[in-house]
Amino acid sequence: MKAFVVCAALLVSACQAEVSPKLMKAALRAKWTSYKAAHKKSYSAAEESLRMANYLDNTRVIEEHNARFHQGLESYELGHNELSDLTLEEIKSTRMGLVLPPNAAEIAANASRHFAPSDIVAPGSVDWRSKRCVQYVKNQGSCGSCYSFSALGALETSYCNKHGQLPDLAEQHLVDCAGRGCSGGWMHDMFNYLQSNGGAIDQRRYPYTGKVEQCKQDRMPKAAGVATYKQISRGNENELMQAIATVGTVSIAYNAGTQQHSYYRGGILDVPNCGNTPTHAVLLVGYGTENGKDFWTLKNSWGEGWGERGFFRLARGKNMCGIADWASYPTAA
């Protein structure tokens, strides 16, 4: 096994000292065993070595980054999570799921636009969680259904803001019935679907399974409808901030296809080279500033074991990873 991979599974400081191969091998095995137990992982004999190699490679990335973080050179920390035994390509193919149609730019250009009165001054910080209008963090699993979590999260907040009650809406309804299943989709299409088909179904009536099943919507009452939906001007973070301050949460499409995003643990994620090709959808729930660094607060759909209990903060003011390029929100009926 390559020396850098061996060192990756130990603390960086331990690698700087002389450590016997036997001790390093024992430490590797202990860390790997602990990881499997913590995340309830089990593999066939043929798969075990591959998954361990992925884990060790990701450990190297995490520990090298965190060494810079502890030196004050990075604004965020990385850490292991349930994805640590996967390659980045596996994460992209199973844990994301944002797919824009070929004519997405034309559709967005012709969509109804967000409009904020000129006299609106956005406050310094907003967090819709504090208003009790954001549902608990969910986990999409290995289904590329992030678009459904993002779309329904925005509808839940809009309904809460209008009616004073926070619904828990069924992502499985969209997975089964809106045409894209686990192969990815776009929130704009989901808003249009919900508007045309009477609205969203309650989670308790249509629980999430993470796989495509027969559509059951005809037998179930709707819990929240979509009156309209609007698009944020592409790349306009000021308009995005106004929408968060005055309307509610916003559905976001952005590029999450980096190791930094996959193993984010906390802090303000700042990845200058992440690019703006959208790969994933999440819910923008607020914004703020910490130690002079502006950030957006977003809700992911990878469970509470990822990031800051399922949420993350992304650098604001740079259109980081294309966060403002494909932003939209519904208005509840």
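Residues numbered from 1 in each chain as written. Predicted model: local features only at pLDDT ≥ 70, side-chain atom pairs only at ≥ 80, totals over all residues. Heavy atoms only, no water.

## With respect to the pattern of salt bridges
Right, so step 1: Applying the stated criterion to the full structure yields 22 salt bridges.
Right, so step 2: Residue Glu213 is joined to Lys216 by a salt bridge in which the shortest nitrogen-to-oxygen separation is 3.5 Å.
Right, so step 3: With a relative accessible area of 23%, Lys216 lands in the partly exposed category.
Right, so step 4: Of the charged contacts, one joins Arg313 and Glu290 as a salt bridge, the two residues approaching to 3.1 Å between their closest N and O atoms. Residue Arg313 is located in strand β8 (residues 311–315), and its partner Glu290 is located in strand β6 (residues 280–290); the two are separated by 23 residues in the primary sequence.
Right, so step 5: On the basis of relative accessibility, which here comes to 12%, the residue Arg313 falls in the buried class.
Right, so step 6: What emerges from the salt-bridge pattern is a single network uniting Lys138, Glu156, Asp168 and Glu171. (Salt bridge = Lys/Arg side-chain N within 4 Å of Asp/Glu carboxyl O. Buried < 20%, exposed > 50% of the residue type's maximum accessible area, 1.4 Å probe, protein only. Helix = DSSP H or I, 4+ residues; strand = E, 2+ residues; numbered from the N terminus.)

## Digging into the packing of helix α7 (residues 146–163) against helix α9 (residues 187–196)
Right, so step 1: Interaxial distance between α7 and α9 falls to 9 Å at its minimum, and their mutual angle equals 55°. Taken as axis vectors, α7 and α9 run oblique relative to one another. The handedness of the crossing between α7 and α9 is right-handed. Only Met187, Met190, Phe191 and Leu194 of α9 make contact with α7, whose side of the interface consists of Tyr147, Ser150, Ala151, Leu152, Ala154 and Leu155. (Axes fitted to C-alpha atoms, helices over the stretch in contact; angles between N-to-C directions. Parallel < 35°, antiparallel > 145°, perpendicular 65-115°, else oblique. Left-handed = near helix turned anticlockwise from the far one by under 90°. Contact = heavy atoms within 4.5 Å.)

## Topic: the environment of Ile252
Right, so step 1: With respect to the helices and strands, the residue Ile252 is situated in strand β4 (residues 250–254).
Right, so step 2: Along the chain, Ile252 and Leu169 lie 83 residues apart, while their C-alpha atoms are 18 Å from each other.

## Quick notes on empty space enclosed by the protein
Right, so step 1: Per the counting criterion, the structure on display carries one cavity of 30 Å³ or more.
Right, so step 2: Estimates place the volume of the largest cavity at around 120 Å³.
Right, so step 3: Along the wall of the largest cavity there are 14 residues; nearest its centre are Phe149, Ser150, Lys299, Asn300 and Ser301.
Right, so step 4: Where the lining of the largest cavity is concerned, the elements lending two or more residues are α7 and β6.
Right, so step 5: No other element matches the six residues that α7 contributes to the lining of the largest cavity. (1 Å grid on protein atoms, 1.4 Å probe; cavity = no way out; pocket = protein on both sides within 12 Å on 5 of 7 lines; lining within 4 Å. Points joined across faces, edges and corners; volume = space filled by probe spheres on them.)

## A closer look at the confidence of the model for the protein
Right, so step 1: Model confidence for the protein is summarised by a mean pLDDT of 90, while 92% of its residues fall at 70 or above.
Right, so step 2: Predicted confidence for residues 1–6 stays below pLDDT 50, and this span has nine contacts to residues more than four positions away or in other chains.
Right, so step 3: Low pLDDT, under 50, characterises residues 8–14; the stretch is placed with 16 contacts to residues that sit more than four places away or in other chains. (pLDDT = per-residue confidence, 0-100.)

## With respect to the pairing of β6
Right, so step 1: In terms of burial, β6 is largely enclosed, as nine of its 11 residues are buried.
Right, so step 2: Two elements, strand β2 (residues 126–127) and β6, share two bridges in a ladder whose sense is antiparallel. Across the sheet, the residue bridging to Asp127 is Gly286, located in β6.
Right, so step 3: Two elements, β4 and β6, share five bridges in a ladder whose sense is antiparallel. Bridging from a neighbouring strand, Ala253 pairs with Ala281 of β6.
Right, so step 4: Pairing of β6 with strand β7 (residues 293–299) involves seven bridges; the strand directions are antiparallel. Counted as the bridge partner of Gly286 is Thr297 from β7.
Right, so step 5: Connecting the antiparallel pair β6 and β7 is a turn made up of two residues, with Asn291 showing a positive phi of about 50°. (Pairing = 2+ DSSP bridges.)

## A word on the UniProt feature "domain: Peptidase C1A papain C-terminal" (unreviewed entry) in the protein
Right, so step 1: Mapped onto this structure's residue numbering, the UniProt feature "domain: Peptidase C1A papain C-terminal" (unreviewed entry) falls at residues 122–331.
Right, so step 2: Helix makes up 23% of residues 122–331 and strand 22%, whereas the separation of the span's terminal C-alpha atoms amounts to 20 Å. (UniProt positions renumbered as here; feature names shortened; annotations may be inferred.)

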